[in-house]
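Structure assessment
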Amino acid sequence: MITVQFQKADGEKIEITTSTQITLMRVAIDSGVPGIIAECGGNCICATCHCYVDSSWVERLPPIGPEEAAMLDFVWERRSTSRLSCQIKLTSELDQLSVLIPSRQNNS
Amino acid sequence: MNTSVILPAKKPADRQIISNGMLEANYPRNMWWMAAWTHEITDKPTARTLLDRAIVLYRGASGSAVALDDRCPHRSAPLSEGRVCGDALACPYHGLKFGPDGTCIEVPTQKDIPKTLRVASYPLMERKDIIWIWLGDKSAIEQTPHPPDELAPDSTWTTIRGYFRLDFNYVLLRENVIDLTHLPFVHSATFGQTDWIKVPEVEFTDTSVRYKAEFPNSNLTPVFGGPMGILPGKRVDRFQVGEMITPAVSYSRWIIKDRSPEPGERSDFEMRAMHIATPISPNETHYFWSASYDMLGISNELLEESRSSITFAFQEDAILLAKLHKNVKNDPRGLDYPEVNLGADKAGIHVRRILQRYLQQESQ
């Protein structure tokens, strides 16, 4: 089990202890984390599971693949730390991962 | 906690994540669009609106097809009402004649022909059964790939062809044929392919998108099974793949394996379809289709039956999508309406992404 942290735009922090080998989006949806919508169910097509990864984690995450890169063009307020949480598969190396939830998703 | 930089992001102009632009002229001009089936263009001029432009198509005495603006620069009469004289086209109003390059070659009432008296002539490319037209910047032709040939690879295939005029934006057709999860709902009574309720595998490049789906031990629509002699109700393996090659053209392939063929009968079959769209305006589309079977000797009766089933099934899409188009067009909110993207929209979203890329390139 590992622990991941979602920080809402208003500053509130939500810590979740989870198993690995599932995606960060799955953890957020199953725990009802507000602000992560994931309309397409993890198919990397809706860009509504967007999050900002804490800058200390950017380099430690699996790299952005072509599908994610294509969809990151369409997120709300993209930053250099933007990722789609459906493309972040959790492993034990990602224990204590911390992400910020954007103030909105692109069509919400 | 986030010391990140805000990148210059593309903000959606409306509430579609990736807009399909269906209420506007959302068609790239610098590419080959289908103008007609080869057999349609004869020495009787044909009027056809293509990408908002009224065009006249005809075949001159030399046998080459010609495309000109369908508007005489003298008094705006439609040249398509005129007649072909040799390689030229004569205006029905005052008899002015225009050559294949659009230059006026005869004014019946005067000897001097003004240099200004000319109509635009559009490059055509005639390949096999299709005439393609270039309506964009002529300097971009060379770097643009040739349009695809029809998919029937050789004369051992049997092809049927058809045409529809659609009352909706062409991108809706592009989205419709790249995502077959509407089959169980729109076509339950025709294609009856009710197993199409899964997200296919999707691959894409900057210019094309493709889906793949396998349906082992499944039924095959009689629309395709009939001409190929596969009995209704027979279980077969279906492998389906489809691709948008350009915003004008998609194809689909149905690759069938019969694991228990009747004695002496073949076990492997293939059916291919082409879906070619040419915008008339943002609200109307020419839809040229063909279906090819990898065999010869299909009876005319079976082919006609197949043609009418396909026509009937496409009509189901045509009616629904025209209503969909109206639904958006008549709503003052237009595309500024929250649109949800499901997992099965993957190929369709890449259609839009590719289209945006084409349009952005052209606006530069």
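Anyway, here's the lowdown on the structure attached to this text. Along each chain, residues carry numbers from 1 onward, in the same order as the chain's sequence is written. Both sets of labels track the order of writing: A upward for chains, 1 upward for ligands. At least 70 in pLDDT is required for a residue's local features to be given in this predicted model, at least 80 for side-chain atom pairs to be given and counted, and no such filter applies to totals for whole chains, interfaces and linings, which use all residues. Based on all heavy atoms of the structure, the side-chain values leave hydrogens and waters out of the count.

**What about the pattern of salt bridges?**
Should the charged atoms of two oppositely charged side chains come close, the side chains can pair. Residue and element names in this part refer to chain B. A side-chain nitrogen of Lys or Arg and a carboxyl oxygen of Asp or Glu constitute a salt bridge if their distance falls within 4 Å. Counted under the stated rule, the structure contains 28 salt bridges over all chains. In this structure, Glu270 and Arg253 form a salt bridge, with 2.6 Å as the shortest nitrogen-oxygen distance. Of this pair, Glu270 sits in strand β16 (residues 268-281) while Arg253 sits in strand β15 (residues 249-257); the two residues are 17 residues apart in sequence, bridging distant segments of the chain. On the basis of relative accessible area, Arg253 is assigned to the partly exposed category, the value being 25%. Between Arg272 and Glu270 there is a salt bridge whose closest N-O contact spans 2.6 Å. Every helix listed is a DSSP run of H or I at least four residues long, and every strand listed is a run of E at least two residues long, numbered separately from the N terminus. Each residue is assigned to one of three classes by its accessible area relative to the maximum for its type, calculated with a 1.4 Å probe on protein chains only: buried under 20%, partly exposed between the two thresholds, exposed over 50%.

**A short note on the sheet that holds strand β17 (residues 284-293) of chain B**
Residue and element names in this part refer to chain B. The sheet built from seven strands is open, its strands ordered β11-β17-β16-β15-β14-β13-β12 with antiparallel pairing. Strands at the two margins of the open sheet, each flanked by one partner only, are β11 (158-166) and β12 (201-204). Here the average twist between neighbouring strands, direction ignored, is 15 degrees. Here nine bridges tie strand β14 (residues 236-246) to β15, and the two strands are oriented antiparallel to one another. Considered in β15, the bridge of Asp237 is made with Lys257. Residue contacts are counted whenever heavy atoms from the two residues lie within 4.5 Å of one another. As a rule, the C-alpha atoms of each element are fitted with a line to give its axis, helices using only the stretch in contact, and angles between N-to-C directions run from 0 to 180 degrees. Taken strand by strand, helix α1 (residues 170-178) contacts β11, β13 (209-218), β14, β15, β16 and β17, and its axis lies near 165 degrees from that of β16. The rule for pairing is simple: two strands pair if DSSP sees at least two bridges between them.

**Focus on the side chain of Asn169(B)**
Residues and elements named next belong to chain B. Mapped onto the elements, Asn169 comes out in the loop between β11 and α1. Overall, Asn169 belongs to the buried group, its relative accessible area being 0%. Polar side-chain contacts of Asn169 include one of 3.0 Å to the backbone oxygen of Pro282. Sequence-distant contacts of Asn169, that is, excluding residues within four places in its chain, are made with Met22, Glu24, Asn26, Pro282, Asn283, Thr285 and His325. Whenever two N or O atoms come within 3.5 Å, that pair is a polar contact, provided that in protein one can donate a hydrogen and the other can accept it, and provided that, for residues adjacent in sequence, both atoms are side-chain atoms.

**A closer look at the sheet that holds strand β8 (residues 104-106) of chain B**
Residues and elements named next belong to chain B. In spatial order, the strands read β5-β6-β7-β8; together these four strands make up an open sheet with antiparallel pairing. Looking at strand neighbours, the two that pair on one side only are β5 (83-85) and β8, the edges of this open sheet. One ladder, built from three bridges, connects β5 with strand β6 (residues 88-90); its direction is antiparallel. Across the sheet, Cys85 pairs through a bridge with Ala88, a residue of β6.

**Some points on the interface of chain A and chain B**
Taken together, the contact pairs 31 residues of chain A with 29 residues of chain B. Buried area counts how much accessible surface, traced with a 1.4 Å probe, disappears from two parts once they are put together, with both parts' losses summed. Of the roughly 2500 Å² buried between chain A and chain B on both sides combined, carbon and sulfur atoms contribute 59%. Its largest share of buried area at the contact with chain B, chain A owes to Ile45(A), Phe74(A) and Asn107(A), together 25% of the area lost on that side. If you look at where chain A meets chain B, you find one salt bridge. Between Lys346(B) and Glu67(A) there is a salt bridge, with the nearest N and O atoms lying 2.7 Å from each other. Here chain A and chain B share five residue pairs in polar contact (both at pLDDT 80 or more) between them. Counting residues per element, the ones that place at least two in the side of chain A that touches chain B are β3 (50-53), α2 (66-72) and β5 (97-100) of chain A. Among the elements that make up the side of chain A that touches chain B, the one with the highest residue count is α2(A) (four residues). Three categories are distinguished: nonpolar for Ala, Val, Leu, Ile, Met, Phe, Trp, Tyr, Cys and Pro, charged for Asp, Glu, Lys and Arg, and polar for the others, with Gly belonging to the last. Residue composition of the side of chain A that touches chain B, by class: 14 nonpolar, 10 polar and seven charged.

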